[in-house]
Amino acid sequence: MMRMNWLLGRRRDVGRSGGADTTGALAVLSGKRWLPALVGAFVVWILTAVIAGHGLLGTLQEGLLVAGLLVVVGIGELFVITAGNGNIDLSIPYVMTLTAYLTSSVMNGRNSALPVSILIALAVGCAVGLVNACVIMVFQVPPLIATLAVGFIVDTVVLLRQQTGGVGSASPILVKFMSARVIGLPIFGVAILAVGVAAHFVLQRSAFGRAVQAVGQSREAARLVQLRPRLVTLEAYVVCGLCASLDGLLLNGYAGGPSLDMASTYQLGAIAVVVLGGSLIGGGKSNVAGVWAASLFLTFLVTLVAVTSAAAGVQDIVEGGVIVGVLALVASH
Amino acid sequence: MLAHRRETLAAARRRAAQVPVKAIVPFVFLGAVVAAMGAIEPYALTYSGLTLLLVGALPLVFGTMSQLFTMAAGDIDLGLGAFIGLINALSAVVLRSHPFYGGLLLVASIGVYVLMGLFIGVRHVPSLVLTFGLGSVWLGIALILLPTPGGIVPPALVTALNEQTPLVPEPILICVVLAVLCYWFLMRTRLGVQLRAVGANPEAADRAGISVIGRRAILFAGSGLMGVMAGLVLSGESGSGDPNGGSSLLLLTIAAVIVGGGEFTGGEVDPIGAVAAALALSLLTSLLDFLNISANYEIGTEGLVLLVAVALRITSKWLSGGLARTTQTAEGIRGATQ
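Residues numbered from 1 in each chain as written. Chains lettered and ligands numbered in written order. Predicted model: local features only at pLDDT ≥ 70, side-chain atom pairs only at ≥ 80, totals over all residues.

## A word on the environment of Tyr-101 of chain B
As a reminder, the rule being used: We count a stretch as a helix when DSSP gives it H or I for four or more residues in a row; a strand needs E for two or more, and each element gets its number in order from the N terminus.
Among the structural elements, Tyr-101 of chain B can be located in helix α5 (residues 99-123). As a C-alpha pair, Tyr-101 of chain B and Gly-261 of chain B span 160 residues in sequence and 39 Å in three-dimensional space.

Set out below in structure tokens:
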């Protein structure tokens, strides 16, 4: 087992201390790990609503929509990170941008091409996930470097595509799906809430999800109970790739059309929501509710800083400072 | 007694034979890039050609050394790129008009890194996320200091990088001195051994009576110092400030430490190999320019080369591991038959 201090902190994770009598305390502690993010989201929500003047509901409407986009890739990243052993996916923004460009030119404003676009998105995500996993396992390249290098290569494809192909535009149904509201709540946000619940059950209840957590906790132990760590890790990367490519499709519908740096904030954002949400960055312990809470928190925070129209630098300082602050709170539990 | 002596001698020889396979990779990489450059553009290998090319490589070389100190502690610094940009902005805005306060701020920046090391050690936070958050803070401060690229750095910084040294171009001298100094400090001094021990196995170091938190703070002081140097060198090279000037360096610094023979697991670093790898990675960009590879392909090619270099290094590790095992087995058999 490799030791990676930069990932695990100083190995004081409660999830790793083991022992039967810690189970109760563990449940309480793990329940609390995402609390700072939720409280933070709540506080910033109210602050934003008061300062921006859109009211509580208006702020929540827009927040659910934007946070939903972050939640999708956050869940993908959660699967990879939960598989442990230093696994992490930095190729997410490049996959998103590539999918946005490819599907946008295929759809070209037609609803009839939407099914084909979804198939293309699935194919892109699946392919990049497989390549990531293969590079990591066959060539034994550390995931941090491997997924970034694969991301660079995907980025080159994006650049070439951007120069040769037409830009096109998203299909009206997709645009409608991203903007429509039912009793004041965005359909997309509610749909992603449902996706979050589904992801929770996949991770906590399904054989695959439990295998991912088991592999993240101890590859050796997982192997001894007849799990196949390499296969499970590969599947986690494919799930992450699929989340990223589908999110690229959705982001395209939200933004109306692709641009080169449309997804750049999702690279570290996806990791940030996993960690701020209380999942262990070293793997083995996941929390989907935390991903949602942290996504709302980050989204409201960005809105808050934007509406106070502070200088560009202030936004970065506040975002970074909050991540450090919440991290200190989470880690002290 | 004699048998024992023979055994330790064999062990020492084995260790000596083991080092080159892994340590040679960055130099092969560097040699290949330099040879390819020389073949395409002979001017690149003249005194002035090398000076031009290598001055541009110096920010990455110092940045790599900063990352190397962090990785020796078993941590990783995702805020390094932004930190280098901040130092660059500082030198363009404050250092020229107020040299004293500017200098004070530079020293304070090193202090911030020490605090970072202490915070990681005391609060047990994963450095990956902490440094990512702090990176955002550095970028924000740099953007407030210098909203758009510009400003003028102190002329002394620029002239310091343009000395006409006899025979060997100045950047090569700087690289050699830096590599040798860091090698001596980390690999040859008593403190260096303790520092690496803390990164490799904190529990064992703690039991041996070494203050883990204190030693990590020293390593982070090294990271801060090298990060400040990287920012100053970047300023001297570009002549002006750019808050985002260091962002492209971040991932290359991690890659250079790994390609140079370091490990993600802490404690295992190779300063000389890392300098060679940083030079190679930096020259690779120039090589791609020489080859007239369109800027579109550049980032993808870099990604590909990065993968190949890391895969190569790991293959070489298998090779050396395999060799060591074979030698061991052979000696075991010999010992058993004697």
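## Quick notes on the environment of Phe-83 of chain B
Residues and elements named next belong to chain B. Threshold: The burial criterion counts other C-beta atoms lying within 10 Å of a residue's C-beta, which is placed from the backbone; the residue is buried at 20 or more, exposed at 12 or fewer, and partly exposed between these limits. The contact criterion used here is simple: two residues whose C-beta atoms, placed from the backbone, lie within 7 Å are in contact.
Structurally, the position occupied by Phe-83 is in helix α4 (residues 80-95). Look at Phe-83 and you get buried, because 30 C-beta atoms sit within 10 Å. Taking the C-alpha atoms as reference points, Phe-83 and Val-198, separated by 115 residues in sequence, lie 25 Å from one another. Apart from the residues within four sequence positions on either side, Phe-83 is in contact with Trp-138 and Gly-227.

## Quick word on the interface of chain A and chain B
Quick reminder of the rule: For this classification, Asp, Glu, Lys and Arg are treated as charged, while Ala, Val, Leu, Ile, Met, Phe, Trp, Tyr, Cys and Pro are nonpolar and the rest, including Gly, are polar.
If you look at the interface, chain A gives 46 residues, while chain B gives 42 residues. Counting residues per element, the ones that place at least two in the side of chain A that touches chain B are α1 (5-8), α7 (143-164), α13 (266-276) and α15 (312-332) of chain A. A per-element tally of the side of chain A that touches chain B places α15 of chain A first, with 14 residues. Looking at the side of chain A that touches chain B residue by residue, the class counts come to 30 nonpolar, 10 polar and 6 charged.

## Considering unusual backbone geometry
A positive phi angle, close to 60 degrees, is found at Asn-85 of chain A, a residue other than glycine. By secondary structure assignment, the location of Asn-85 of chain A is in the loop between α4 (55-82) and α5 (92-107). By the C-beta count within 10 Å, which is 19 here, Asn-85 of chain A ends up partly exposed. In this structure, Leu-167 of chain B takes a positive phi of about 65 degrees despite not being glycine. Following the sequence through the fold, Leu-167 of chain B ends up in the loop between α7 (155-160) and α8 (170-188).

## Brief notes about the packing of helix α3 (residues 35-52) of chain A against α4 of chain A
Residues and elements named next belong to chain A. For the record, the criterion: What counts as an axis is a line fitted to C-alpha atoms, over the stretch in contact for a helix, and the angles between N-to-C directions run from 0 to 180 degrees. We call a crossing left-handed when the near helix sits turned anticlockwise from the far one by less than a right angle, and right-handed when that turn is clockwise.
Running from amino to carboxyl end, α3 crosses α4 at an angle of 115 degrees, the nearest separation of the two axes being 8 Å. The chirality of how α3 crosses α4 is right-handed. Of the residues in α4, those touching α3 at Trp-45, Thr-48, Ala-49 and Ala-52 are Gly-55, Leu-56, Thr-59, Leu-60 and Gly-63. Of the residues that constitute the contact of α3 with α4, the class distribution is 5 nonpolar, 4 polar and no charged.

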